[in-house]
Amino acid sequence: MIQETIVITQNSSGVAHIAPMGIHIPYESQDEFIILPFRPSTTLNNLLESKTAVINYCDDVRVFAGCLTGRRDWPLKPAEKINGQVLSCALAHTEVKLVRVEDDETRPKLFCKAVHTANHAPFKGFNRAQYSVLEAAILISRLNMIPLEKIQAEIDYLRIGLEKTAGDRELEAWGWLMAVIENFRLENNQ
Ligand SMILES: Cc1cc2nc3c(=O)[nH]c(=O)nc-3n(C[C@H](O)[C@H](O)[C@H](O)COP(=O)(O)O)c2cc1C
C-alpha cells in the first residue's frame, strides 16, 4: 500500500526539509516504511546523512501543493524521540530510523522502522477535493514528462470533485497548482 505523506528530514546543520512522498507500507506491517525518492533528492541526501526522518499524516493539502509550488515554509515543532521536526498541522506523525538501503540509479529504496508514533487530531473522513489536489500536485511534479494535453484532460476531470466538495484550503491549494500549469503553458507557447 502507498500512503501520501509529508516527509521531513534534516541536514547535518539541522536545517529541515519538507517534501511530499508516497510511502510504501508492506502489507499488514505496523512499523515498516519504505521511502522512495527519485534522484536527485534532498530527502535522500538528508536521510542518508542523519539516518532519521519524520513521516507526517496531514489533511491540509496546501502543504502538498505548497511544496510543489515553492511554498515550503510550514510551521514545525520538535520531534519527540529523534533529532527532527514534525509538521505542526499533522493529524499524526511517525518518527523513523533508516535501517537498510537498496540502492538504485533512479529511485533508491530506503527501508525505515518506526521508533515513535503520536496522534494529534482526529481523521475527519475522506474528501474528494483533497484527492483532486493531491493528484493535480503529482501531475505538476511531472510537467516535463507528461504531454500538456494529457495533463489538461486529467485536470478537467479532477476539477469536478474539487468544485463539488472543496473548502477554502483545497481551493487555495488548487489555485497555486493551476498557476504553475498556466506559467508552464505560457513559457512553452502551448
Ligand atoms: C502526493 C505526492 C507524492 C509524491 N511522492 C514522491 C515520491 O515517492 N518520491 C519522490 O521522489 N517524489 C515524490 N513526489 C514529488 C516530490 O515531493 C518533489 O519532487 C520533491 O521536491 C522531492 O524532491 P526533494 O527530496 O529534493 O525535495 C511526490 C509529490 C506529491 C505531490
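Residues numbered from 1 in each chain as written. Predicted model: local features only at pLDDT ≥ 70, side-chain atom pairs only at ≥ 80, totals over all residues. Heavy atoms only, no water.

A. View of unusual backbone geometry. Following Arg39, the chain continues to Pro40 via a peptide bond in cis, the omega torsion being -10 degrees. Within the secondary structure, Pro40 sits in the loop between β3 (32-35) and α1 (42-50). One non-glycine residue, Lys51, lies in positive phi territory at about 65 degrees. Examined against the element boundaries, Lys51 turns out to sit in the loop between α1 and β4 (52-57). (Helix = DSSP H or I, 4+ residues; strand = E, 2+ residues; numbered from the N terminus.)

B. The domain arrangement of the chain, seen in detail. Taken domain by domain, the chain comprises domain 1 (2-119) and domain 2 (128-187). One C-alpha centre belongs to domain 1, the other to domain 2; they are set 23 Å apart. Listed per partner, the contact involves twelve residues of domain 1 and 13 residues of domain 2. Both sides of the domain 1 and domain 2 interface together cover about 1200 Å² of buried area, and 77% of this is carbon and sulfur. (Domains from an automatic or database assignment. Contact = heavy atoms within 4.5 Å. Buried area = accessible area lost by both parts, 1.4 Å probe.)

C. Geometry of the environment of Leu76. Within the secondary structure layout, Leu76 lies in strand β5 (residues 76-78). Taking the C-alpha atoms as reference points, Leu76 and Cys89, separated by 13 residues in sequence, lie 8.3 Å from one another. With sequence-adjacent residues up to four places away left out, Leu76 is seen in contact with Ile8, Ala16, Ile18, Gln85, Val86, Leu87 and Ser88.

D. Representation of the pattern of salt bridges. Within this structure, the stated rule accounts for nine salt bridges. Note that Asp31 and Lys113 form a salt bridge whose closest N and O atoms lie 3.2 Å from each other. Of this pair, Asp31 sits in the loop between β2 (16-24) and β3 while Lys113 is found in strand β8 (residues 109-119), placing the two residues 82 residues apart along the sequence. Owing to a relative accessible area of 29%, Asp31 belongs among the partly exposed residues under this scheme. Here Arg100 makes a salt bridge to Glu102, at a shortest N to O gap of 3.5 Å. Judged by its relative accessible area of 44%, Arg100 is partly exposed. Since its relative accessible area comes to 36%, Glu102 is described here as partly exposed. A network of salt bridges, in which partner residues are shared, links Asp60, Arg62 and Glu172. (Salt bridge = Lys/Arg side-chain N within 4 Å of Asp/Glu carboxyl O. Buried < 20%, exposed > 50% of the residue type's maximum accessible area, 1.4 Å probe, protein only.)

E. Structural detail: the site of the ligand. Lining the immediate environment of the ligand, one finds 17 residues, of which His17, Pro20, Phe38, Ser41 and Thr43 sit closest. At a separation of 2.7 Å, an oxygen atom of the ligand approaches a polar side-chain atom of Ser41. Protein contacts shield 85% of the accessible area of the ligand, which totals 620 Å² for the unbound molecule. Those elements that provide at least two residues to the shell around the ligand are β2, α1 and α3 (128-141). Broken down by element, the shell around the ligand gets its largest block of residues, five residues, from β2. Across the shell around the ligand, the residue classes break down as nine nonpolar, five polar and three charged. (Near = heavy atom within 4 Å. Polar contact = N/O pair within 3.5 Å; in protein donor to acceptor, adjacent residues only side chain to side chain. Areas by Shrake-Rupley, 256 points an atom, 1.4 Å probe, with all protein chains shown as cover. Nonpolar A, V, L, I, M, F, W, Y, C, P; charged D, E, K, R; others polar.)

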